Amino acid sequence: MDTEGNPLPGVTILLKGTTTGTSTNANGEFRFPATKAGKSVLVFSFIGMKPVEKDVTPGKRVIIRMEDEVTGIEEVVITGIYSRDKNSYTGSATTYSAQELKMVGAQNVIQSLKTLDPAMMVVESKQWGSDPNRMPKIEIRGKTSVVGLQAEFENDPNQPLFILDGVETTLATIINLNIDRVASVTLLKDAASTAIYGSKAANGVIVVETKSPEAGQLRLSYNGNYGISFADLSDYNLMNASEKLEFELLAGRYSPLEGYDGFVDKLQKMSDYYTRLKGVLRGVDTYWLSEPLRTVFNHSHNVYIDGGDQAMRYGLGISYNNRDGVMKKSNRDGLGVNIDLIYRKKGLLFSNKASLDISNSEREPVAFSEFSRANPYYQKRLDNGTIPMYLERKTGIYGADMFNPLYVWNIENTNTSKELALRDNFTMEWTVFDALRTRARLGFSKSITKSEAFKSPNHVDFLETEKLKKGSFSSSQNESFSYNGDLNITFGKIFKNVHQVNFVGGWSFNESRTEAAGYNVVGFNDDFHKNPAYSTGFRENQKPTYSKNRRRSTSFFMNLNYAYNNRYLVDFNLRADGTSVFGSNKLFSKTWSVGLAWNVHNEEFVKKLGWVNNLKIRGSIGNPGNENFDAYISQKTYVYNVELQNMFGASALIEKYGNKDLEWQRTQDKNIGVDLSVLNNRIRFSFDYYFKDTDPLLVSISMPASAAATSLYTNLGRQISRGWTASLNYVFLRKQDVSCSINMNARANHSEFRDIGDKLNYMNRVGSSTVLNRYYEGGSPDDLWAVPSLGIDPATGREVFLKKDGTQTFVYSASDEVVVGSSVPDVEGIIGMSFYYKKFSASVNFRYRLGGETKASALHEKVENIDLNSIVKNQDKRALYDRWKKPGDKAKFKAVDDYSSTPLSSRFVVTENTFSGESISIGYELNASWLRGAGIEGMNVRFYMNDIFRISSFKEERGLDYPFARSLSFSLGVRF
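Residues numbered from 1 in each chain as written. Predicted model: local features only at pLDDT ≥ 70, side-chain atom pairs only at ≥ 80, totals over all residues. Heavy atoms only, no water.

- The protein has the name SusC/RagA family TonB-linked outer membrane protein in an unreviewed UniProt entry, where Butyricimonas faecalis is given as its organism.

### What about the overall build of the protein?
Reasoning step 1: When its secondary structure is counted, the protein shows 13 helices and 52 strands.
Reasoning step 2: In terms of overall dimensions, the protein is globule-like: its C-alpha atoms have a radius of gyration of 33 Å, near the 30 Å expected for 976 residues.
Reasoning step 3: The C-alpha extent of the protein, read off along each of the three principal axes, is 125 × 70 × 65 Å.
Reasoning step 4: For the protein, the proportion of its 976 residues judged to be buried stands at 50%. (Helix = DSSP H or I, 4+ residues; strand = E, 2+ residues; numbered from the N terminus. Rg over C-alpha atoms; globule rule 2.2 N^0.38 Å. Buried < 20%, exposed > 50% of the residue type's maximum accessible area, 1.4 Å probe, protein only.)

### Notes on the sheet that holds strand β13 (residues 205-210)
Reasoning step 1: In spatial order, the strands read β7-β12-β13-β10-β11; together these 5 strands make up an open sheet with mixed pairing. Where the open sheet ends on each side, the last strands, each with one partner, are β7 (93-97) and β11 (167-169). Ignoring strand direction, the axes of neighbouring strands in this sheet form an average angle of 25°.
Reasoning step 2: Pairing of β7 with strand β12 (residues 182-188), which is carried by 5 bridges, proceeds in the antiparallel orientation. For tyrosine 96, the partnering residue across the bridge sits in β12 and is valine 185.
Reasoning step 3: In this fold helix α2 (residues 109-116) packs onto β7, β10 (161-164), β12 and β13, with an angle of close to 50° to the strand it touches most, β12. (Pairing = 2+ DSSP bridges. Axes fitted to C-alpha atoms, helices over the stretch in contact; angles between N-to-C directions. Contact = heavy atoms within 4.5 Å.)

### Quick word on the environment of glutamate 243
Reasoning step 1: Structurally, glutamate 243 is set in helix α5 (residues 241-250).
Reasoning step 2: Here the alpha-carbon distance between glutamate 243 and serine 822, two residues 579 residues apart in the chain, equals 35 Å.
Reasoning step 3: In contact with glutamate 243, other than residues within four places in its own chain, are Leu238, Lys877, Leu880 and Tyr881.
Reasoning step 4: A polar side-chain atom of glutamate 243 sits 2.6 Å from a polar atom in the side chain of tyrosine 881. (Polar contact = N/O pair within 3.5 Å; in protein donor to acceptor, adjacent residues only side chain to side chain.)

### As for the side chain of arginine 253
Reasoning step 1: Relative to the elements of secondary structure, arginine 253 occurs in the loop between α5 and α6 (262-281).
Reasoning step 2: Taking relative accessible area as the criterion, arginine 253 reaches 3% and is therefore assigned buried.
Reasoning step 3: In this structure the side chain of arginine 253 is engaged in a polar contact, spanning 2.9 Å, whose partner is the side chain of glutamate 248.
Reasoning step 4: A polar atom in the side chain of arginine 253 sits 3.0 Å from the side chain of tyrosine 377.

### Quick notes on the pattern of salt bridges
Reasoning step 1: In this structure the tally under the stated criterion is 58 salt bridges.
Reasoning step 2: In this structure, the salt-bridge partner of arginine 718 is aspartate 755, at a minimum N-O distance of 3.4 Å. Placement of arginine 718 in strand β36 (residues 718-734) and of aspartate 755 in the loop between β37 (738-754) and α10 (761-767) is noted, with a sequence separation of 37 residues between them.
Reasoning step 3: Judged by its relative accessible area of 47%, aspartate 755 is partly exposed.
Reasoning step 4: If you follow the salt bridges from partner to partner, you end up with Glu124, Asp232, Asp235, Arg849, Glu912, Arg950, Arg958 and Arg966 in one network. (Salt bridge = Lys/Arg side-chain N within 4 Å of Asp/Glu carboxyl O.)

### Some details on the confidence of the model for the protein
Reasoning step 1: Looking at the protein as a whole, the pLDDT averages 88, with 93% of positions reaching at least 70.
Reasoning step 2: Throughout residues 147-153 the model reports pLDDT below 50, and contacts reaching past four residues in sequence, or to other chains, amount to 20 contacts. (pLDDT = per-residue confidence, 0-100.)

### Examining empty space enclosed by the protein
Reasoning step 1: Going through the model one piece at a time under the given rule, you end up with 2 cavities of 30 Å³ or more.
Reasoning step 2: In this model, the largest cavity occupies a volume close to 250 Å³.
Reasoning step 3: Forming the boundary of the largest cavity are 19 residues, of which Tyr197, Lys200, Arg441, Ser508 and Arg575 lie nearest the centre.
Reasoning step 4: Of all the secondary structure elements, the ones that give two or more residues to the lining of the largest cavity are β10, β11, β23 (472-495), β24 (499-522) and β25 (545-564). (1 Å grid on protein atoms, 1.4 Å probe; cavity = no way out; pocket = protein on both sides within 12 Å on 5 of 7 lines; lining within 4 Å. Points joined across faces, edges and corners; volume = space filled by probe spheres on them.)

### Quick word on α5
Reasoning step 1: Taken together, the buried positions of α5 are occupied by Ala241, Glu243, Lys244, Leu245, Phe247 and Glu248.
Reasoning step 2: Looking one or two residues past α5, glycine 252 carries a phi angle of roughly 85°, positive in sign.

### Digging into the packing of aromatic side chains
Geometry of an aromatic ring pair is reported as the spacing of the ring centres plus the angle between the planes.
Reasoning step 1: According to the stated counting rule, one finds 26 aromatic pairs in the structure shown.
Reasoning step 2: Residues phenylalanine 481 and tyrosine 483 carry aromatic rings whose centres are separated by 6.4 Å and whose planes lie at 45° to one another, so their mutual orientation is tilted.
Reasoning step 3: Both rings, one in phenylalanine 846 and one in phenylalanine 915, keep their centres 5.4 Å apart while their planes meet at 25°; by these two values the pair is stacked. Of this pair, phenylalanine 846 sits in strand β44 (residues 840-850) while phenylalanine 915 sits in strand β49 (residues 914-926), and the two are 69 residues apart along the sequence.
Reasoning step 4: One aromatic cluster is present, formed by Phe444, Phe481, Tyr483, Trp507 and Phe509 through successive ring pairs.
Reasoning step 5: One cation-aromatic arrangement involves arginine 393 over tyrosine 390; the distance from NZ or CZ to the ring centre is 3.8 Å.
Reasoning step 6: The residue whose ring lies beneath lysine 493 is phenylalanine 495, and the NZ or CZ to ring-centre distance is 6.0 Å. (Phe/Tyr/Trp six-rings, centres within 6.5 Å; stacked < 30°, edge-to-face > 60°. Lys NZ or Arg CZ within 6 Å of the ring centre and 35° of its normal.)

### Looking at the environment of arginine 747
Reasoning step 1: Among the structural elements, arginine 747 can be located in strand β37.
Reasoning step 2: Taking the C-alpha atoms as reference points, arginine 747 and arginine 684, separated by 63 residues in sequence, lie 17 Å from one another.
Reasoning step 3: Leaving out residues up to four positions away in the same chain, arginine 747 has contacts with Pro118, Met120, Met121, Trp724, Thr725, Asp826, Val827, Glu828 and Arg847.
Reasoning step 4: A distance of 2.9 Å separates the side chain of arginine 747 from the backbone oxygen of proline 118, its partner in a polar contact.

### Concerning α2
Reasoning step 1: Burial analysis of α2 places 7 of its 8 residues in the buried class, the great majority of the element.
Reasoning step 2: Those residues of α2 that sit buried are Val109, Ile110, Gln111, Ser112, Leu113, Lys114 and Thr115.
Reasoning step 3: Measuring from the backbone nitrogen of isoleucine 110 back to the side-chain oxygen at the start of α2 gives 3.0 Å, which picks out asparagine 108 as the cap.

### Side note on the pairing of strand β40 (residues 799-802)
Reasoning step 1: Sheet topology places strand β39 (residues 789-792) next to β40; 3 bridges connect them, and they run antiparallel. Looking at β40, one finds that serine 789 is bridged to phenylalanine 801.
Reasoning step 2: Between the end of β39 and the start of β40, which pair antiparallel, lie 6 residues, with glycine 797 showing a positive phi angle near 80°.
Reasoning step 3: The sheet contact formed by β40 and strand β41 (residues 808-809) spans 2 bridges and is antiparallel. Bridge pairing links phenylalanine 801 to threonine 809 in β41.
Reasoning step 4: Here β40 hands over to β41 after 5 residues, with glycine 806 in that stretch at a positive phi of 95°.

### So, the domain arrangement of the protein
Reasoning step 1: Along its sequence, the protein is carved into domain 1 (1-71) and domain 2 (76-145 + 154-213 + 295-364 + 411-592 + 600-782 + 823-852).
Reasoning step 2: On a C-alpha basis, the centres of domain 1 and domain 2 stand 46 Å from each other. (Domains from an automatic or database assignment.)

### Points about the sheet that holds β41
Reasoning step 1: Spatial strand order, β39-β40-β41: 3 strands in an open sheet with antiparallel pairing. Edge strands, defined here as strands with exactly one partner in the open sheet, are β39 and β41.

### Notes on the pairing of strand β17 (residues 331-345)
Reasoning step 1: Pairing of strand β16 (residues 312-322) with β17 involves 11 bridges; the strand directions are antiparallel. Within β17, the position partnered with tyrosine 320 by the bridge is leucine 335.
Reasoning step 2: Bridging between β17 and strand β18 (residues 348-362) involves 15 bridges; their strand directions are antiparallel. Counted as the bridge partner of glycine 336 is aspartate 357 from β18.
Reasoning step 3: Following β17, the chain reverses through 2 residues before pairing antiparallel with β18; lysine 346 in that reversal takes a positive phi of roughly 55°.

If you want it as structure tokens, here you go:
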């Protein structure tokens, strides 16, 4: 029977050391013939249970209780293709359980992973903040592709590969996945661990496994997460009404225009000034930032019913995710249903996981920056409560029409999306004998996304548009279908108790198709008839759009692992990939890896020490690739023009040149690491150093205007990345019911270009005045380039620059640019603490960033670079208090009345040190007798605070078009 007293039919019973045996009947009962020796030792074995040996005496009844054979998640590496005992694994990989993920957050697995693992980085977006409808940028161990080219590709070329239940999937699917459906997440980081995915794995692999049904009586579990989020505006430093009016006066907004008969102009300007001053004196000081914001209540729920026996298991789950944003009219929610079936018949196992997900999203109609830039001396509403279209009308040749963002917000403007996704994954596994298994898997997915956007005819964008063209409606539909599968064989056996051999070999295939269509029509009479049938038709020279693409790939792979006496370990991976993405002359590519490891703790001289629990030294080298590029990047494409006919029909114009010799982008990845646990696992330490050499890079180079196409994709140069990651956990208090530990992790990374020559200089010319990144031979993609600044001249209020020859000048020249910093921090990571007392637990995790520079956008764009067009909008307080005003002032910024354009110099590159409260949680596990009396097996509750504070070494606006958010949440789990 099992631990709950349920009978186990089909248990194999053997006389130890022989092949003589029997099995239990449907009631878990058995009879075994007595031996001549009398007393015997019987061995009981059952799939999924720990083997049991029992001394038996003839004629006596015995009761055998068998326990589930549970291997701790932390002891297994799950690659999505095979699972491997961590002790015999040479790669750099970390697996996190569902409990560990929910210890730090309840939103999604990405939120938790960035706290738990130092190799995982979510790139902060200063523009889009916490926008729930935008996917984050994710990197594992830095970049392998040219960052400046990301906007040219459909996919992020630095994004890791995502595997969900053995099937390749998208970042959006992982983000939308209810965290309570997740059983474990594994990060594969180095070549030895990622090479099994070959040409897709250079950026690392994130493997997500969802929960499977368990055998036993019917069970029901409920998990709910409830929380509030509110905008974090602590980094905004805007002027109030009186400050803004004073700044405008000092900046000369109310002075006559130079070279113009200024009498009338001055009268008008002074009239405007005193009108605004009158409002300020009577208390007008509008706080615009609160208008589009809200404190939002979010919630998610997951119900899972499972049960069955050793032959058949089943599970049904229903989940709902609500992730509304802190801006009003910014919403996202999803409903999911999943069905899991597992059938086992002797050596055969059949498994099917199917899911249906429906998601809806809505985007805010006005960017947050429109509110943050509105002047505080304007009133939002008229005295009668109505919202005017204009905050201020243009007067004569002076000024400009100032529109009320609240007016645009409240008219009918919608932008919605709906998605339906169906996924099914069927697996058949045959255990030929204990050491040999074969597996066949076939999966498919189908998704349909429909987006619609309506812009009211009353929108300010149509003020100068003819009546029959006012208003717009756009619609697009994207359908995608993919199928994939693999067939593999797995062998694992220990020979003579010292030689452990594991082998995996197989074949996989994949095809995806995408079809997109859309249109945009104009001409609506009002906000009530948004149906496109009520439009007047297309804009002039416009028509519907349509595109279709297909990409295919196939792979042959193998992994061989050998361990001698669990001390000396070797891993070898070999994979051949073919894809339609690259040139016709480069359809196939081979990737490989070799990993070595030494389990020092299994050496006799270390065992004698008594205090070393684990010490593994490992190293690996390999060349995984990258396929995160457009489907037709290597092919020549045309645009057909039906309006230009020839004798063959419609004319064809070259849209993009092909390159049949376009090579695969591969990365030689070297890694060396050490894992250490000592003093009964009180201290655990892990360190990895990596070196990545991406050769060749895939880049876009400019083409002459006469070539019809503007760019060509080709292979060029190399990119080298090197860095390290480290993690430490120290349990400084451990007693019977109490445990307390501190944890810390850190990472550092540096990249540089090699062999690119001057081929990317066109990107340097295009971005020289607006961005700080450059593409030079030997330079780093993270370097910040600018002309050195010596500050503001106290006598004139002008900026003084340092030339390369060491002389000083007032004249800016891009030729004097040098490296003034790096956007990558010197070190970044997490420091925290965990505490356990009986069934109570708590954890705190703080993120720190030391060193590294960033562009101070607010200083460059809201303190300086304020001209006659931008002065009409609100600005940073430092534009009033820190700009030069008179000779002798020691100021950080140019003269307050200087309207000239300010180029990027080293004054706008600042060192960024931050400390933030990333995750704080407190939880309790309940299994009191009164709960069991109500049919509840157990209950757990947890309270979270995420991103609750942030301290920075300098003041910089974050969340320009969508603010960042802080959140408080509560999690409840109930098992029936």
